[in-house]
Amino acid sequence: MSACPDNSHLIHAFLDGELDAANTEAFETHLKTCAGCAAELAALQALRARIAAPGVATPAPEALRGRIEAMIAAETAPAPRRRAVSLPAVLPWGLSGAFAAVAASLAVVATLPATAGLEDQLVADHVRSTLALHLVDVATSDRHTVKPWFNGKLDFAPPVADLAAQGFPLVGGRLDYLDDRVVAALVYRRNKHVINLFVRPLRPALRLPVANASRHGYSLLRWTEGGLEFWAVSDVEPGDLAAFHRAFAARPGALGTP
Amino acid sequence: MGRILSFRNVRASSPDAAAGRASPPGSGRRPDDSAPALSAAEAQRFRALVLPHLDAAYGFARFLSRDATLAEDIVQDAFLKAYRGFAGFRGGDPRAWLFAIVRTTFLSTTRGRTTWADPEATEAIPSEADTPEAALLRQGEAASVRGAIEALPEPFREALVLRELEELSYRQIAEVTSAPIGTVMSRLARARQMLLAALREEGEP
């Protein structure tokens, strides 16, 4: 059974949705009376289903994705260097680990209209990372690997801790962008959920209290420590994010993590 | 069969092959001497617009080259070109733009290594390694469909993959392959007929 010779191209255009409304209608009418064209169309639709079946298309290997990420990083101009934030310089502002933990347990709820645009960016960065496009540049649960990896890529040193014992295993780290500036993103897991912890130098004018917010179903928690600003973003419950903050603030050697 | 097989052999045995992989065209340039590096904001835009199509680009390159390793090289080189030429991307569907680069990269990569100059010339010369008979020996329905697609001559294979797997419109396929829309339609119709016939044969041993 085959299509009428006059309609052989029409069948394909019909199948591909490339016919205008008038021709679509005309062809649908024709299909009702032409068994040959109807059978041909059915065969083409079955073929389409076989091609669309899983396993026909091959996804890109992860190693290739990694090489392309590295290429993008190598080809990208470093962000304009701003005042370098070195740890000793900011120590007087710093909270001790214990004090930070107390501050976290208080977890002041505040709305921060000034940071609304930033929160949208953070959620967008988080979502993009979890689409498996770019979760981590350096994948390891070893903080001694992650921390040096940031050296030379950032003009500040983000503290890195593995919080697996508290239920937040470290997955790795990557570079991300906030307000057109390169920032550190530490990636943690909570069960099946991803927590992105964005770290950047604190702008002195922006020393705000611990605050949380939510955007499109994602929770955000902001705090500051040692001259750095931290934003945790995840789809976990806000309570889990607060627990994450407590665990992070109480990490061994907080504020001077070797 | 000869040309495509010899191409594979050349690639596997030539001492140039490894060097060619290590330094694809253009990559010898350092970002700091001639190519102006993109800003962090542009890099972010590239990640958001182009990088999501990595799997699609790889799938296309894989069917074009019929070689997993070569497909990786083509895609990596294409992404480098795409990134360096990102300033020239003027909106539209980033996939069609990226596929055109992948295709150009494929053609330039293979031109230097094979005797085939005109891709149309391979129309009647399917690769022996990928005939439906060979595909039949592989395991699984998906593998046999993949094998049958790989056995299609190049212009037909390309049109079919861009339409069925990448879901480009006729107009986009015409742009990517630099062919008139009428030609795209003919190739697509022919590709489907050949594929149906191959899979039907396979189903009736």
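Residues numbered from 1 in each chain as written. Chains lettered and ligands numbered in written order. Predicted model: local features only at pLDDT ≥ 70, side-chain atom pairs only at ≥ 80, totals over all residues. Heavy atoms only, no water.

Asks: Got a sec to walk through the overall build of chain A? Specific residues and values, please.
Replies: A tally of regular secondary structure across chain A gives 9 helices and 7 strands. Buried positions account for 45% of the 258 residues belonging to chain A. Partitioning the contacts of chain A with sequence separation of at least 6, the portion at a separation of at least 24 is 63%. For chain A, the exposed surface amounts to about 11900 Å²; the carbon and sulfur share of it is 60%. (Helix = DSSP H or I, 4+ residues; strand = E, 2+ residues; numbered from the N terminus. Buried < 20%, exposed > 50% of the residue type's maximum accessible area, 1.4 Å probe, protein only. Contact = heavy atoms within 4.5 Å. Areas by Shrake-Rupley, 256 points an atom, 1.4 Å probe, with all protein chains shown as cover.)

Asks: Which residues make up the overall build of chain B, and what are the values?
Replies: Broken down by element type, chain B carries 11 helices and 0 strands. If you list the helices and strands of chain B from N to C, you get α-α-α-α-α-α-α-α-α-α-α. Excluding contacts between residues fewer than 6 apart, the proportion of contacts in chain B whose partners are at least 24 apart in sequence is 70%. When the accessible area of chain B is evaluated, it comes to approximately 8800 Å², of which 53% is carbon and sulfur surface.

Asks: With reference to specific residues and values, describe the sheet that holds strand β7 (residues 228–234) of chain A.
Replies: Backbone-to-backbone hydrogen bonds join strands into a sheet, with any given pair of strands oriented parallel or antiparallel. Residue and element names in this part refer to chain A. Read across the open sheet, the 7 strands follow the order β1-β2-β3-β4-β7-β6-β5; overall the sheet is antiparallel. If you trace the sheet from one side to the other, it starts and ends with β1 (138–139) and β5 (211–215), each paired once. Pairing of strand β6 (residues 218–225) with β7, which is carried by 7 bridges, proceeds in the antiparallel orientation. Looking across to β7, one finds that T224 is bridged to E229. Taken strand by strand, helix α8 (residues 143–150) contacts β1, β2 (170–178) and β3 (181–190), and its axis lies near 20 degrees from that of β2. (Pairing = 2+ DSSP bridges. Axes fitted to C-alpha atoms, helices over the stretch in contact; angles between N-to-C directions.)

Asks: Could you give me a rundown of helix α9 (residues 154–165) of chain B, with the residues and numbers involved?
Replies: Residue and element names in this part refer to chain B. In this model, α9 (12 residues) spans 15 Å end to end at C-alpha, consistent with the 16 Å of a helix rising 1.5 Å per residue. Counted residue by residue, α9 has 12 buried out of 12 residues, so it is predominantly covered. Residues of α9 that are buried: E154, P155, F156, R157, E158, A159, L160, V161, L162, R163, E164 and L165. Backbone geometry just downstream of α9 places E167 in the positive-phi region, at approximately 60 degrees. (Expected span 1.5 Å × (residues − 1).)

Asks: Account for the confidence of the model for chain A, naming residues and giving values.
Replies: Detailed reading of the predicted model is not advised wherever pLDDT is low. Residues and elements named next belong to chain A. With 77% of its residues at a pLDDT of at least 70, chain A reaches an overall mean of 77. Averaged pLDDT values over the elements of chain A bottom out at 39 in helix α5 (residues 87–90) and peak at 93 in helix α3 (residues 35–52). Low pLDDT, under 50, characterises residues 80–114; the stretch is placed with 46 contacts to residues that sit more than four places away or in other chains. (pLDDT = per-residue confidence, 0-100.)

Asks: Please provide a residue-by-residue account of the side chain of H53 of chain B, values included.
Replies: Structurally, the position occupied by H53 of chain B is in the loop between α3 (40–49) and α4 (54–65). Beyond its immediate chain neighbours, meaning those up to four positions away, H53 of chain B contacts P94, R95 and L98 of chain B.

Asks: I'd like a rundown of the interface of chain B and chain A, residues and numbers included.
Replies: Facing 46 residues of chain B, the contacting portion of chain A comprises 38 residues. Taking both sides of the interface into account, the surface hidden between chain B and chain A amounts to around 4200 Å²; carbon and sulfur atoms contribute 61%. Scanning the region where chain B abuts chain A turns up 8 salt bridges. Of the charged contacts in the structure, one is a salt bridge between R192 of chain B and D16 of chain A, with a shortest N-O distance of 2.7 Å. (Buried area = accessible area lost by both parts, 1.4 Å probe. Salt bridge = Lys/Arg side-chain N within 4 Å of Asp/Glu carboxyl O.)

Asks: For the environment of A142 of chain B, give the residues involved together with the corresponding values.
Replies: Structurally, A142 of chain B is set in helix α8 (residues 141–150). Among all residues touching A142 of chain B, those that are not within four sequence positions of it are P54, G55 and V56 of chain A.

Asks: An account of the environment of D235 of chain A is requested, with residue identities and associated values reported.
Replies: Residues and elements named next belong to chain A. Looking at the secondary structure, you find D235 in the loop between β7 and α9 (238–249). D235 gets classed as partly exposed once you look at its relative accessible area, which sits at 36%. The spacing of D235 and N196 is 39 residues in sequence and 9.9 Å in space, taken between C-alpha atoms. Of the polar contacts made by the side chain of D235, one reaches the side chain of H193; its length is 3.0 Å. (Polar contact = N/O pair within 3.5 Å; in protein donor to acceptor, adjacent residues only side chain to side chain.)

Asks: Lay out α3 of chain A in plain terms, naming residues and giving numbers.
Replies: Residue and element names in this part refer to chain A. Compared with an ideal rise of 1.5 Å per residue, which puts 18 residues at 26 Å, α3 spans 26 Å between its outermost C-alpha atoms and is within 8% of the ideal. Residues of α3 that are buried: G36, C37, E40, L41, L44, L47 and I51. Looking straight down α3, one finds that the buried residues subtend no more than 130 degrees of arc, so they occupy a single side. (Arc of directions from axis to C-beta.)

Asks: Provide a residue-level description of the pattern of salt bridges, including the pertinent values.
Replies: In this structure the tally under the stated criterion is 18 salt bridges over all chains. A salt bridge links R48 of chain A to E164 of chain B, with the nearest nitrogen and oxygen atoms 2.8 Å apart. Of the two residues, R48 of chain A sits in helix α3 while E164 of chain B sits in helix α9, which places them in two different chains. Among the residues examined, R48 of chain A registers a relative accessible area of 22% and is labelled partly exposed.

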